[in-house]
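Each chain is listed here by its residues.
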Amino acid sequence: QLQASGGGLVLAGGSLRLSCAAYGRSFSRHAMGWFRQAPGKERKLVSGVSWTGQSTYYTESVKGRFTISRDNAKNTVYLQMDSLKPEDTAVYYCAINGRRFSTIETEQNEYDFWGQGTQVTVSS
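Residues numbered from 1 in each chain as written. Predicted model: local features only at pLDDT ≥ 70, side-chain atom pairs only at ≥ 80, totals over all residues. Heavy atoms only, no water.

Asks: Is there a simple way to think about the overall build of the protein in this case?
Replies: Helix and strand counts for the protein come out as zero helices and 11 strands. Walking the protein from its N terminus toward its C terminus, one meets helices and strands in the order β-β-β-β-β-β-β-β-β-β-β. At 13 Å, the protein has a C-alpha radius of gyration in line with the 14 Å of a compact globule built from 124 residues. With the C-alpha coordinates of the protein rotated into their principal frame, the extents come out at 40 × 25 × 25 Å. Within the span of the protein, comprising 124 residues, buried residues form 45% of the whole. Within the protein, contacts between residues separated by at least 24 positions form 58% of all contacts whose residues are at least 6 apart in sequence. Approximately 6300 Å² of the protein is accessible, and the part contributed by carbon and sulfur atoms is 46%. Each charge class in the protein can be summarised by its mean position, and for the 14 positive and 10 negative side chains these summaries are 5 Å apart. (Helix = DSSP H or I, 4+ residues; strand = E, 2+ residues; numbered from the N terminus. Rg over C-alpha atoms; globule rule 2.2 N^0.38 Å. Buried < 20%, exposed > 50% of the residue type's maximum accessible area, 1.4 Å probe, protein only. Contact = heavy atoms within 4.5 Å. Areas by Shrake-Rupley, 256 points an atom, 1.4 Å probe, with all protein chains shown as cover. Lys, Arg positive; Asp, Glu negative; His and termini not counted. Charge placed at Lys NZ, Arg CZ, Asp CG, Glu CD.)

Asks: In this structure, what is going on with the pattern of salt bridges? I would like to understand it.
Replies: Pairing is possible between side chains that carry opposite charge, provided their charged atoms lie close to one another. Evaluation of the coordinates by the stated rule reveals five salt bridges. Note that Lys63 is salt-bridged to Glu60, the shortest N-O span being 3.1 Å. Residue classification places Lys63 among the partly exposed residues on the basis of a relative accessible area of 48%. Using a relative accessible area of 59% as the deciding quantity, one classes Glu60 as exposed. For Arg99, the salt bridge goes to Glu110, with nearest N and O atoms at 3.7 Å. Of the two residues, Arg99 sits in the loop between strand E9 (90-96) and strand E10 (113-114) while Glu110 sits in the loop between E9 and E10, which places them 11 residues apart along the sequence. Accessibility expressed as a relative area gives 42% for Arg99, which makes it partly exposed. Connected through shared salt-bridge partners, Arg36, Arg65 and Asp88 make up one network. (Salt bridge = Lys/Arg side-chain N within 4 Å of Asp/Glu carboxyl O.)

Asks: In this structure, what is going on with the state of the cysteines? I would like to understand it.
Replies: As used in these notes, a disulfide is a covalent bond between sulfur atoms, one from each of two cysteines. Under the definition given, this model contains one disulfide. Disulfide partner of Cys20: Cys94, at an S-S distance of 2.0 Å. In this structure the cystine formed by Cys20 and Cys94 twists about its S-S bond by roughly 55°; its chirality is therefore right-handed. With Cys20 in strand E3 (residues 16-22) and Cys94 in strand E9, this pair connects stretches of sequence that are 74 residues apart. Taking the relative accessible area as the measure of exposure, Cys20 reaches 3% and is therefore buried. (Disulfide = S-S within 2.5 Å.)

By themselves, these are just geometric observations and shouldn't be taken as functional.
What follows is the structure, encoded as structure tokens:
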């Protein structure tokens, strides 16, 4: 139901834009998020956006570099990643909270729908 795209290989300091389109139903009343998992590490929330789009969350390490947005008409959430660093290398997953009008949750078990993951590799 979720199709993520936009990952790839980029040099440090470069940019990538991830997209995640949802199919089959509308998620306009649901919080959305992007998680990432590096090899040997736990999957963690990188950024989240409320169902209204007015509230956002960023983990400390990406503040000022990443921007999350959503287009409810397209049932899509985006993650613009600028000034990328090698430590941003990971598989990125989009996720949607199954509860309507949900707030942004940081725990992955609060999310019911997951994309397939897209690899982001930042070389130095």
